[in-house]
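# Descriptive analysis of the structure
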Amino acid sequence: PVKIATIGGGSSYTPELVEGFIKRYDELPIKELWLVDIEEGKEKLEIVGAMAQRMVKAAGVPMTIHLTLDREEALKDADFVTTQFRVGLLDARIKDERIPLSHGIIGQETNGAGGMFKAFRTVPVILEIVEDMKRLCPNAWLVNFTNPSGMVTEAVIKYGKWDKVVGLCNVPISCRKMVGKALDKNEEELFFKFAGLNHFHWHRVWDVDGTELTDKAIQKLYVENDGLRKFGANATRAKEEEEKAAKRAADAGVANIKNISFVAEQIQDLGYLPCMYHRYYYITDDMLEDEIADFKENGTRAEVVKRTEAELFELYKDPNLDYKPEQLTKRGGTYYSDAACELINSIYNDKRTTMVVSTQNKGALTDLPYDSVAEVSAIITAAGPMPISWGTLKPAARGMVQIMKAMEETTIEAAVTGDYGKALHAFTINPLVPSGQIAKTLLDEMLIAHKKHLPQF
Ligand code: NAD
Ligand code: G6P
Ligand code: MN
Ligand code: MN
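Everything in this summary refers to the structure shown in the same document. Everything quoted here is computed from the prediction, not taken from an experiment.

For ligand 1, the set of nearby residues contains 24 residues, the closest of which are Ser11, Asp37, Lys44, Lys118 and Arg331. The separation between an oxygen atom of ligand 1 and a polar side-chain atom of Asn147 is 3.0 Å. Relative to its free-state accessible area of 860 Å², ligand 1 is covered by the protein chains to the extent of 95%. Its residues placed into classes, the shell around ligand 1 shows nine nonpolar, eight polar and seven charged.

Set out below in structure tokens:
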């Protein structure tokens, strides 16, 4: 009998997770699911927890769902621990997004200054959780969903000295769907290879007969759909093209990133398919312009999410609702349960499924250190992920991923030690944060704003 502990159980994503476990119950007989939260999340935990209990009852699955604020009780003898918590709640995310933007800098939950501060707040908490796991469930796997997912996973291995950890993200799943759709092929039949870092990975794709289809997918997704640029002189035509492209990507992308055109010639030269988050690095100017416009209309993404969450919890309160509501797709993390539940299933049953995970690189991407965490395609066995070799990257991609990895390492070191110079250096090397006095001003402002959740600084 399997015991799962989910930290941050009050998350609005919990019904996704529960739905994924229900679907797989025959293969993965979970006896107990413990949803853990903190005092501030108690109300959410009770609402979504009751909804989760209705879901398993309606499905006729003999899984017991426990709700608790006592992490130790939840972790005791767990087989898998999943994490989906947000230190400082959405109010902290509002600051991560607003403060950089007030300086004309991208504010985003996992990229740039915002993502780095999310790491500063989260790393100390995940390391406490790992210490608890050493005492209470020393054989468990830690399945991390908490952002920044790659950095949090690397902190667990390097500083927590805990190897049985896998970092997850839904973006690779969406990328596969997007490519399958663009090529008009069944994605299950295509072979994909991914490599890079969380929210900074590229992918290549092959057909059943071994033909590489990467360039063709680039053509379909980023050249033919490059409406605004190609028809720039003809505004009406450009708008039509953009709308068509947006429609095509709507059910395949992620809800929190708009389908703004990349610069076609650059992606063609790259020769790899980018992930949605590459927009922040490849077309920073367009992304910033869009973020400013969006902010004027709707506030930050965190504020939009707050409203969506309120709507969701109103639905969850309905004593007749016993299935995951459609409205959850408004959140960026759709398909997350496919990743989490399939990963657990694959480890538990040694299924050897190929998935994209954040795991120790172990040579899969020769351009990154052997022991650092990369987001790569891997075969998921009972012994964990076995990364598939990508080889080396072209210089243009290699240079950027190496800077990003150094930024991650420096950010994690700052998060662990509370070293001000390290934090400033991490800001300096992050491509989305300007260097010099502005970096210091921004860092100081954010350190003060987040003081309550940064005991190490
Ligand atoms: P949320 O704001 O709903 O937070 C989830 C729960 O965590 C809340 O109920 C909160 O009370 C609780 N919490 C906060 N601190 C805690 C702690 N110390 N211990 C236990 N619980 C704690 O967040 P959300 O929007 O559901 O997202 C949860 C996390 O998942 C975030 O870190 C988010 O960035 C991440 N996420 C990751 C992906 C991915 O692709 N990996 C996708 C979506 C969201
Ligand atoms: C994306 C990502 C997550 C990200 C989230 C934001 O798809 O993979 O890592 O942080 O969804 O979603 P939200 O709805 O909270 O803006
Ligand atoms: Mn993600
Ligand atoms: Mn910088």
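From this point, the narrative continues.
So, about the pairing of strand β8 (residues 200-206). By the criterion of burial, β8 is predominantly enclosed, with six of the seven residues buried. Where strand β7 (residues 191-197) hands over to β8, the hairpin turn is made up of two residues, of which His199 adopts a positive phi near 60 degrees.

Turning our attention to the side chain of Glu16. Checked against the element boundaries, Glu16 lands in helix α1 (residues 14-23). On the accessibility criterion, Glu16 (2% relative accessible area) is buried. Once residues within four sequence positions are removed from consideration, Glu16 is found in contact with Lys324, Leu328, Thr334, Tyr335, Tyr336 and Ser337.

On to the pairing of strand β10 (residues 373-381). β10 sits mainly inside the fold: eight of its nine residues count as buried. Looking at chain direction, strand β9 (residues 353-360) and β10 are connected through eight bridges and run antiparallel. Counted as the bridge partner of Gln360 is Val373 from β10. The hairpin turn running from β10 into strand β11 (residues 384-387), its antiparallel successor, is two residues long.

The next thing to look at is the nonpolar core. If you look at the biggest cluster of nonpolar residues, it comprises 102 residues, and the most contacted ones within it are Val81, Met133, Leu142, Trp202 and Phe427. Considering each element in turn, this core owes the most residues, 12 residues, to helix α5 (residues 112-136). Once residues within four sequence positions are removed from consideration, Val81 is found in contact with Ala5, Ile7, Leu75, Met133, Cys137, Ala140, Trp141, Leu142 and Val143. By size, the runner-up hydrophobic cluster in this structure holds 45 residues, among which are Val143, Phe313, Leu343 and Ile344.

We now examine the coordination of the manganese ion (ligand 4). Octahedral six-donor coordination of a metal ideally yields angles of 90 or 180 degrees, compared with 109.5 degrees for tetrahedral four-donor coordination. In the first shell of the manganese ion (ligand 4), the protein supplies Thr428 (O), Asn430 (O) and Val433 (O), at 2.1 to 2.4 Å from the metal. Mapped onto the polypeptide sequence, the residues donating to the manganese ion (ligand 4) form the spacing pattern T-x1-N-x2-V. Its relative accessible area of 1% is what places Asn430 among the buried residues.

Listed as protein donors to the manganese ion (ligand 3) are Cys169 (SG) and His199 (NE2); their distances from the metal cover 2.2 to 2.4 Å. One end of the pair, Cys169, is in the loop between β6 (165-167) and α7 (171-183); the other, His199, is in the loop between β7 and β8, and 30 residues separate them in sequence. Per residue, the accessibility class of Cys169 equals that of His199, and both read buried.

Now for the layout of surface pockets. Put simply, the second largest pocket is a space of about 520 Å³. Surrounding the second largest pocket, 21 residues form its lining, Ile173, Arg176, Thr353, Thr354 and Met355 being those nearest its centre. Of all the elements in the fold, those that place two or more residues in the lining of the second largest pocket are α7, β7, α15 (336-348) and β9. Residue classes in the lining of the second largest pocket are distributed as 11 nonpolar, three polar and seven charged.

What follows covers the site of ligand 2. Surrounding ligand 2, one finds 16 residues, the nearest of these being Arg93, Glu109, Asn170, Arg301 and Gly332. For ligand 2, an oxygen atom lies 2.6 Å from a polar atom in the side chain of Arg301. Contact between ligand 2 and Gly332: an oxygen atom at 2.6 Å from a main-chain N or O atom of the residue. Against a free-state accessible area of 390 Å², the protein chains account for coverage of 96% of ligand 2.

Conventions used here
- Residues numbered from 1 in each chain as written.
- Chains lettered and ligands numbered in written order.
- Predicted model: local features only at pLDDT ≥ 70, side-chain atom pairs only at ≥ 80, totals over all residues.
- Heavy atoms only, no water.
- Near = heavy atom within 4 Å.
- Polar contact = N/O pair within 3.5 Å; in protein donor to acceptor, adjacent residues only side chain to side chain.
- Areas by Shrake-Rupley, 256 points an atom, 1.4 Å probe, with all protein chains shown as cover.
- Nonpolar A, V, L, I, M, F, W, Y, C, P; charged D, E, K, R; others polar.
- Buried < 20%, exposed > 50% of the residue type's maximum accessible area, 1.4 Å probe, protein only.
- Helix = DSSP H or I, 4+ residues; strand = E, 2+ residues; numbered from the N terminus.
- Pairing = 2+ DSSP bridges.
- Contact = heavy atoms within 4.5 Å.
- Core = buried A, V, L, I, M, F, W, Y, C linked by side-chain atoms within 4.5 Å.
- Donors = N, O, S within 2.8 Å, 3.2 Å for Na, K, Ca; no water.
- 1 Å grid on protein atoms, 1.4 Å probe; cavity = no way out; pocket = protein on both sides within 12 Å on 5 of 7 lines; lining within 4 Å.
- Points joined across faces, edges and corners; volume = space filled by probe spheres on them.

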